[in-house]
Amino acid sequence: MPERAPSSLLKKALERRELTLMLLLMVLLVPITIRSPQFLSGENINRILNDMAILSIVAIGEFLVILSNGIDLSVGSIIAFTGMACGMINESYASVPPFVLLLVGMGIGLLMGLFNGVLVAYGKIPPIITTLGTVNIYRGLTFLLSKGTWVTAHEMSPSYIGFPRTTFLGISYLLWIAFVVIAVFYYFSRFTRTGREVYAIGGNPTAAKFVGVNENRVRVVVFLISGTLCGLAGALWTARYASAVNEMATGFEMQAVAACVLGGVNFSGGAGGIIGVVLGTLFLGVVTNALPVVYLSVFWQTFVQGLIILVALALNTLSDQRKSAKLLAQRRG
């Protein structure tokens, strides 16, 4: 029995998606750094982290929706509308401070997320159908708002464009905002009643109702949070990339879903964690930045991301099947 203890501990450790992702990252970095030693330079690591900061913010909102056994496909369109709105406000009123534009973006995103949540919770429309509709509604509103025009860098104020790049203690404001979002929603998901209720309705909505969980309220809350974080991401996106275009963040929902699935979030809801989502985001960032290093065309990125989602979903399904088989064996025993 004692001889089996180390292997048993290793098996349990490898079952945790966070550790598995960390091991995969280390394995992935070996051939990349052999080909390009500069890949692990401080400058490049900082660039990867800043590139993935916005995705991590959006992925956390998506995580909460998936955790409740839903999905939000409208995140890219919310980013586009809020980013365009903030860019146009900055163009017309350059004196408005950047942090006010962030609040404006969050407020607009909150309303859009609230609309999604009300349709799902009280309209009883499945989340995938609701957000398939609003993804086009919100993208259409972006074109209507801008009348098909762009807001370019020379039309924006230097303070707004420079905001994400401004540093405090050597870390950009963009990364600080991402850190704060991660910390707040880690606490929310683990240590608040509403956070536990999100897990409950995702895992077993019938049982959750019996213990007094208000499913409608929780579903509105998760979409509201997702919309608010997308609004924040939209304001940051326009500032970071110094432009507001109608097609911004097209397909970004797939990257957010990929980060969640890679991080071990159960697509049926009820299981997953913020740390796994952050590691999933980091994994995607390393893969995306590694493609040019290994001389693969940028056109392969979508293919690679799709393949990653399929593999991660397959691993999640196999893990769920093993757990179900183990529970069934225990009950029979």
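For clarity, every value in this text was computed on a predicted model and none was experimentally measured.

1. So, the overall build of the chain
- For the chain, the count of helices and strands is 14 helices and two strands.
- Buried positions account for 47% of the 333 residues belonging to the chain.
- When the accessible surface of the chain is split by element, carbon and sulfur atoms take 69% of a total near 16600 Å².

2. With respect to the packing of helix α8 (residues 173-191) against helix α11 (residues 215-241)
- Their axes nearest at 12 Å, the elements α8 and α11 cross at an angle of 170 degrees. Between α8 and α11, the interaxial angle falls into the category roughly antiparallel. In this structure, α8 uses Leu174, Ile177, Val181, Phe185 and Phe188 to contact α11, whose residues at the interface are Val221, Ile225, Leu229, Leu232, Leu236 and Arg240.

3. Focus on helix α9 (residues 193-203)
- What α9 keeps buried is the set Thr194, Gly195, Glu197, Val198, Tyr199, Ile201 and Gly202.
- Next to the buried residues of α9 lie α3 (42-67), α8, α10 (205-210) and α11.

4. Concerning the environment of tyrosine 93
- Of note, tyrosine 93 is situated in the loop between α4 (75-92) and α5 (98-121).
- Sequence spacing of tyrosine 93 and methionine 156 is 63 residues, and the spatial spacing of their C-alpha atoms is 9.3 Å.

5. What to know about the nonpolar core
- Within the largest apolar cluster, 84 residues are counted, with the highest numbers of intra-cluster contacts made by Phe63, Phe185 and Leu236.
- Top element by residues in this core is α3. It accounts for 14 residues.
- Setting aside anything within four residues of it in sequence, one finds phenylalanine 63 in contact with Ser189, Tyr199, Cys260, Val265, Gly272, Gly273, Ile274 and Val277.

6. Remarks on a nonpolar patch on the surface
- Side chains of Leu19, Met22, Leu23 and Met26 sit close together on the surface and give an oily, nonpolar patch of about 340 Å² of accessible area.
- Tracing the backbone through its elements, the reader meets leucine 23 in helix α2 (residues 17-35).
- For leucine 23, a relative accessible area of 35% puts it in the partly exposed group.

7. Comments concerning the pattern of salt bridges
- Overall, the coordinates contain five salt bridges when judged by the stated rule.
- A salt bridge links aspartate 51 to arginine 240, with the nearest nitrogen and oxygen atoms 2.6 Å apart. Of this pair, aspartate 51 sits in helix α3 while arginine 240 is found in helix α11, placing the two residues 189 residues apart along the sequence.
- The salt bridge involving glutamate 197 is made with arginine 217; its shortest N-O contact spans 2.5 Å. One end of the pair, glutamate 197, is in helix α9; the other, arginine 217, is in helix α11, with 20 residues separating them in the sequence.
- Taken together, the salt bridges that share partners define one network made up of Arg193, Glu197 and Arg217.

8. Considering the environment of glycine 231
- Tracing the chain through its elements places glycine 231 in helix α11.
- Accessibility expressed as a relative area gives 0% for glycine 231, which makes it buried.
- In this structure, the C-alpha to C-alpha distance between glycine 231 and isoleucine 79, residues 152 residues apart in sequence, is 5.8 Å.
- Each residue touching glycine 231, except ones within four places of it in the same chain, is listed here: Ile78, Thr82, Gly105, Met106 and Gly109.

9. Concerning α4
- End to end, α4 covers 26 Å across 18 residues, agreeing with the expected 26 Å (1.5 Å per residue, within 8%).
- Counting buried residues along α4, 14 of its 18 residues qualify, which places the element largely inside the surrounding structure.

10. Some words on the side chain of serine 189
- Note on placement: serine 189 falls in helix α8.
- From its side chain, serine 189 meets the backbone oxygen of tyrosine 186 in a polar contact 3.1 Å long.
- Apart from residues lying up to four places away in sequence, serine 189 is in contact with Phe63, Gly195, Arg196, Tyr199 and Ile274.

11. Let's talk about the environment of leucine 145
- Here leucine 145 is to be found in helix α6 (residues 127-146).
- On the basis of relative accessibility, which here comes to 32%, the residue leucine 145 falls in the partly exposed class.
- Separated by 57 residues in sequence, leucine 145 and methionine 88 have C-alpha atoms that sit 9.1 Å apart.
- Leucine 145 has contacts with Phe81, Met84, Ala85 and Met88, leaving out every residue within four places of it along the chain.

12. Structural notes on the confidence of the model for the chain
- Confidence along the chain averages 85 in pLDDT terms, with 86% of residues attaining 70 or more.
- The secondary-structure element of the chain with the lowest mean pLDDT is helix α1 (residues 4-14), recorded at 48, while α5 shows the highest, at 96.

13. A look at the packing of α9 against α11
- As a packed pair, α9 and α11 sit with axes 10 Å apart at the nearest point and diverge in direction by 105 degrees. Looking at the two axes, α9 sits roughly perpendicular to α11. Contacts from Thr194, Glu197, Val198 and Ile201 in α9 reach Glu215, Arg217, Val218, Arg219, Val221 and Val222 in α11.
- Taken together, the residues that form the contact of α9 with α11 break down as five nonpolar, one polar and four charged.

Cut-offs and rules
Residues numbered from 1 in each chain as written. Predicted model: local features only at pLDDT ≥ 70, side-chain atom pairs only at ≥ 80, totals over all residues. Heavy atoms only, no water. Helix = DSSP H or I, 4+ residues; strand = E, 2+ residues; numbered from the N terminus. Buried < 20%, exposed > 50% of the residue type's maximum accessible area, 1.4 Å probe, protein only. Areas by Shrake-Rupley, 256 points an atom, 1.4 Å probe, with all protein chains shown as cover. Axes fitted to C-alpha atoms, helices over the stretch in contact; angles between N-to-C directions. Parallel < 35°, antiparallel > 145°, perpendicular 65-115°, else oblique. Contact = heavy atoms within 4.5 Å. Core = buried A, V, L, I, M, F, W, Y, C linked by side-chain atoms within 4.5 Å. Patch = residues over 30% accessible without salt bridge, like charges linked within 9 Å, V, L, I, M, F, W, Y side chains within 5 Å. Salt bridge = Lys/Arg side-chain N within 4 Å of Asp/Glu carboxyl O. Expected span 1.5 Å × (residues − 1). Polar contact = N/O pair within 3.5 Å; in protein donor to acceptor, adjacent residues only side chain to side chain. pLDDT = per-residue confidence, 0-100. Nonpolar A, V, L, I, M, F, W, Y, C, P; charged D, E, K, R; others polar.

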